[in-house]
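Examining the three-dimensional arrangement
Below, each chain spelled out in residue letters.
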Amino acid sequence: MDVPEEEWNNYMDNYDRPYNGIVFLTESFRVYVKGLISEEWIRDNKVTVGVVGVAVCDFRDNLVSKISKMEGAKLMSGELVEVEVVIHGLNSALSLDLKRVTVFINDYLVH
């Protein structure tokens, strides 16, 4: 992706700069994932929301890419949100064309 530096400066709050470092064949990237589910009150309505967080880091733990978003989770359990966040993390690693990754997750049922 070839985006001019001026454009990154204008829109860097909305997008992450893609990883452009040199990837060695033996280098393993780290994918940290965390999913949370919570019941919140919004205008007198009880709503279940899921929050997804992914960080892809290089072997020195420098941030390469991150994803954080909130999703509706009406029928989801905590484990399903964790599985969904692992899928987001692996898709992010695939989109960066990373060959070796280690996934770090806090939920022992999903692990």
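Heads up: the structure comes first, above all this text.
Report on the accompanying structure. Treat the numbers as computed from the prediction; the structure is a model and nothing was measured.

Along its length, the protein chain carries two helices and four strands. The order of helices and strands in the protein chain, counted from the N terminus, is α-β-β-β-α-β. When the 111 residues of the protein chain are sorted by exposure, 26% land in the buried category. Entry remark: accessible area of the protein chain is about 8300 Å², with carbon and sulfur atoms responsible for 53%.

One non-glycine residue, Asp44, lies in the positive phi region at around 65°. Its location among the elements puts Asp44 in the loop between strand S1 (29-42) and strand S2 (45-57). In this structure, Asp97 is a non-glycine residue whose phi angle is positive, near 60°. Tracing the sequence through the fold places Asp97 in the loop between helix H2 (78-95) and strand S4 (101-104).

Here H2 contains 18 residues, and its C-alpha end-to-end distance of 26 Å stays within 8% of the 26 Å for a straight helix at 1.5 Å per residue. By the burial criterion, the buried members of H2 are Val81, Glu82, Val85, Val86, His88, Gly89, Ser92 and Ala93. Angular distribution of buried residues about the axis of H2 spans 160°; they occupy a single face of the element. Facing away from the buried side of H2 by more than 90 degrees, the exposed set consists of Leu94 and Ser95. Phi turns positive one or two residues past the end of H2, at Asp97, with a value near 60°.

All right, on to the packing of aromatic side chains then. Evaluated as defined, the whole model comprises one aromatic pair. Each ring, one from Tyr32 and one from Phe104, has its centre 4.9 Å from the other, and the planes form 20°; the classification is stacked. Here Tyr32 is found in strand S1, whereas its partner Phe104 is found in strand S4, with 72 residues between them in sequence. Assessed through its relative accessible area of 28%, Tyr32 is described here as partly exposed. For Phe104, a relative accessible area of 36% gives the class partly exposed.

Glancing now at the side chain of Glu82. Among the structural elements, Glu82 can be located in helix H2. On the basis of relative accessible area, Glu82 is assigned to the buried category, the value being 3%. At a separation of 3.5 Å, a polar atom in the side chain of Glu82 contacts the main-chain amide nitrogen of Gly35.

Definitions and limits used
- Residues numbered from 1 in each chain as written.
- Predicted model: local features only at pLDDT ≥ 70, side-chain atom pairs only at ≥ 80, totals over all residues.
- Heavy atoms only, no water.
- Helix = DSSP H or I, 4+ residues; strand = E, 2+ residues; numbered from the N terminus.
- Buried < 20%, exposed > 50% of the residue type's maximum accessible area, 1.4 Å probe, protein only.
- Areas by Shrake-Rupley, 256 points an atom, 1.4 Å probe, with all protein chains shown as cover.
- Expected span 1.5 Å × (residues − 1).
- Arc of directions from axis to C-beta.
- Phe/Tyr/Trp six-rings, centres within 6.5 Å; stacked < 30°, edge-to-face > 60°.
- Polar contact = N/O pair within 3.5 Å; in protein donor to acceptor, adjacent residues only side chain to side chain.

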